[in-house]
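Per-entry structural report
Single-letter residue listing:
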Amino acid sequence: MSYKVPFVDLPTHYHRLESEILGAVREVMSRGDFILCDDLQQFQDNMASLLGVEYVVGVGSGTDALHLALRAAGIGPNDEVITVGFTCVATIAVIVHCGAKPILVDVGEDYNMDVDQVEEVITPQTKAILPVHLNGRVCDMKRLTDIASKHNLIIIEDAAQALEASCDGRKAGTFGLAGCFSLYPMKILGATGDGGFAVTNNEELAERIYQLRDHGQRRSTGEILLFGFNSRLDNLQAAILNVKLRHVPQWIARRREVAALYHQGLSDLQELKLPPAPQSQGRFFDVFQNYVIRAKERNRLVVHLEKSGIEVLASWYLSKPLHHHEVLNLRHFHLPKTEQFAKEAVSLPLNSEISDEQVEFVINSVRKFYQK
Ligand SMILES: *Cc1c(COP(=O)(O)O)cnc(C)c1O
């Protein structure tokens, strides 16, 4: 089915940069530079200067960035890692893949970790905290870093949805020992397939992630240092990402504009709970990876919007909470907000390609549903 307002518009996204992207692809193909070549090095350097960090390691996905960062930080069997249940399942899966135990706490009104609940669940086995900066808003990192240092815990950030988001002038992914980003095509900066990267200022950790992504070897000497994985960000992807990276500031500006339009058009409706409008000053700089609202009669609203030709997202983690999936063995966690939000949340179309007219159409369709 073709929507009047698709949730994302990847063909338009591509066509706007087509000649630049194809130019980069042709060059890489002609050179035959596919694995760990200059374009990847350049992408890592570009990203390091954008985020103001020492080390960037390009890997196969955001999930791998998290997995390898946790392993590099020494997380393993008998360790506990505190995270949230209102996230992508990958956040929790990587903890389990390290042999460690995920400990879930609830989220607050900003859909991020409720920092007040963290100290209650710390035990002698707790090694790390894994906050998620959901929807492009940074978690309350000031308090979380205080708690982590008081209890001598590592922080690894899931910044998959928060490229360039900041709080108190500090960027997502740069608060903890490592920050992990996704280049999944629907993310703010998307590859043409899977990709991800981890960032850190810790040389030893960076070195360990470089080894883990490349069979545990040190390429310069051929020495094998540990059993690793094969998770290298493709050089071809990196070349395309270097083209796209130049456009990220303008894409984020557009995302914030669209969020402001939604806020203007919907904030008088009592039936809805909107995210905060984008602020130009203040503590938080939000990048609106998603525009998630909570709605009275969410399921009926979703049907109404879909019928009107608007593609929305109410599934994924938003309909059945992760800890209610029996096979994951997370049923013992009590997360009332997570459960409530799973019933009420819906993500409206927001991307850098959407037009003002399309935003207007979404606003009018929502208003029509509530007869406003
Ligand atoms: C997208 C995402 C991931 C996983 O990233 P992939 O690149 O798809 O592996 C992890 N956590 C969050 C919060 C995400 O949004």
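Residues numbered from 1 in each chain as written. Predicted model: local features only at pLDDT ≥ 70, side-chain atom pairs only at ≥ 80, totals over all residues. Heavy atoms only, no water.

**What about the overall build of the protein chain?**
Helix and strand counts for the protein chain come out as 12 helices and 15 strands. Taking 372 residues into account, the globule formula puts the C-alpha radius of gyration at 21 Å, and the protein chain, at 21 Å, falls close to it. C-alpha atoms of the protein chain, sized along the principal axes, occupy 70 × 55 × 40 Å. With 372 residues in all, the protein chain has 55% of them scored as buried. Considering only contacts in the protein chain between residues 6 or more positions apart, those separated by 24 or more positions represent 69%. Carbon and sulfur atoms form 50% of the exposed surface of the protein chain, whose accessible area is close to 16400 Å². In the protein chain, 38 positive and 46 negative side-chain charges are present, and the distance between their average locations comes to 5 Å. (Helix = DSSP H or I, 4+ residues; strand = E, 2+ residues; numbered from the N terminus. Rg over C-alpha atoms; globule rule 2.2 N^0.38 Å. Buried < 20%, exposed > 50% of the residue type's maximum accessible area, 1.4 Å probe, protein only. Contact = heavy atoms within 4.5 Å. Areas by Shrake-Rupley, 256 points an atom, 1.4 Å probe, with all protein chains shown as cover. Lys, Arg positive; Asp, Glu negative; His and termini not counted. Charge placed at Lys NZ, Arg CZ, Asp CG, Glu CD.)

**Some details on the packing of helix 3 (residues 38-51) against helix 8 (residues 235-245)**
Closest axis-to-axis distance for the helix 3/helix 8 pair is 7 Å, and the angle between their directions is 40°. Taken as axis vectors, helix 3 and helix 8 run oblique relative to one another. Crossing of helix 3 over helix 8 shows left-handed handedness. Seen from helix 3, the contacting residues are Asp38, Asp39, Leu40, Gln42, Phe43, Asn46, Met47 and Leu50; seen from helix 8, they are Asn235, Ala238, Ala239, Leu241, Asn242 and Leu245. Among the residues making up the contact of helix 3 with helix 8, the classes are represented as eight nonpolar, four polar and two charged. (Axes fitted to C-alpha atoms, helices over the stretch in contact; angles between N-to-C directions. Parallel < 35°, antiparallel > 145°, perpendicular 65-115°, else oblique. Left-handed = near helix turned anticlockwise from the far one by under 90°. Nonpolar A, V, L, I, M, F, W, Y, C, P; charged D, E, K, R; others polar.)

**A few points about the sheet that holds strand 15 (residues 345-348)**
The antiparallel open sheet is built from three strands, whose spatial order is 12-14-15. Only two strands of the sheet have a single partner each, and these edge strands are strand 12 (272-273) and strand 15. In the sheet, strand 14 (residues 291-295) pairs with strand 15 via four bridges, with the strands oriented antiparallel. Among the inter-strand pairings, Ile293 is bridged to a residue of strand 15, identified as Val346. Sheet contacts for helix 9 (residues 248-266): strand 12, strand 14 and strand 15; angle to strand 14, the most-contacted strand, approximately 20°. (Pairing = 2+ DSSP bridges.)

**Let's talk about the packing of helix 9 against helix 12 (residues 356-369)**
For the pair helix 9 and helix 12, the least separation of the axes is 10 Å and the interaxial angle reads 30°. In this view, helix 9 runs roughly parallel relative to helix 12, as classed from their interaxial angle. Relative to helix 12, helix 9 is oriented so that their crossing is right-handed. For the pair helix 9 and helix 12, contact is made by Arg254, Val258, Leu261, Tyr262, Gly265 and Leu266 and by Asp356, Val359, Val362, Ile363, Val366 and Arg367, respectively. Class assignment for the residues of the contact of helix 9 with helix 12 results in eight nonpolar, one polar and three charged.

**So, the domain arrangement of the protein chain**
According to the domain assignment, the protein chain consists of domain 1 (10-245) and domain 2 (248-371). Distance between the C-alpha centres of domain 1 and domain 2: 24 Å. With 40 residues of domain 1 in contact, the opposing surface of domain 2 contributes 34 residues. Summing both partners gives a buried area of about 3400 Å² for domain 1 against domain 2, and 59% of it is carried by carbon and sulfur. The interface formed by domain 1 and domain 2 holds four salt bridges in total. With its nearest N and O atoms 3.0 Å apart, the salt bridge here joins Asp286 to Arg137. Residue assignment for the side of domain 1 that touches domain 2 shows that the elements contributing at least two residues are helix 1 (10-15), helix 5 (89-97), strand 3 (101-105), strand 6 (166-167) and helix 8. Ranked by residues supplied to the side of domain 1 that touches domain 2, first place goes to strand 3 with four residues. In terms of residue class, the side of domain 1 that touches domain 2 is made up of 21 nonpolar, nine polar and 10 charged. (Domains from an automatic or database assignment. Buried area = accessible area lost by both parts, 1.4 Å probe. Salt bridge = Lys/Arg side-chain N within 4 Å of Asp/Glu carboxyl O.)

**Description of the packing of aromatic side chains**
Taken as a whole and assessed by the stated rule, the structure comprises eight aromatic pairs. Taken together, the ring pairs in this structure connect Phe43, Phe181 and Phe197 into an aromatic cluster. Above the plane of the ring of Phe284 lies Arg137, whose end atom (NZ or CZ) is 3.9 Å from the centre. (Phe/Tyr/Trp six-rings, centres within 6.5 Å; stacked < 30°, edge-to-face > 60°. Lys NZ or Arg CZ within 6 Å of the ring centre and 35° of its normal.)

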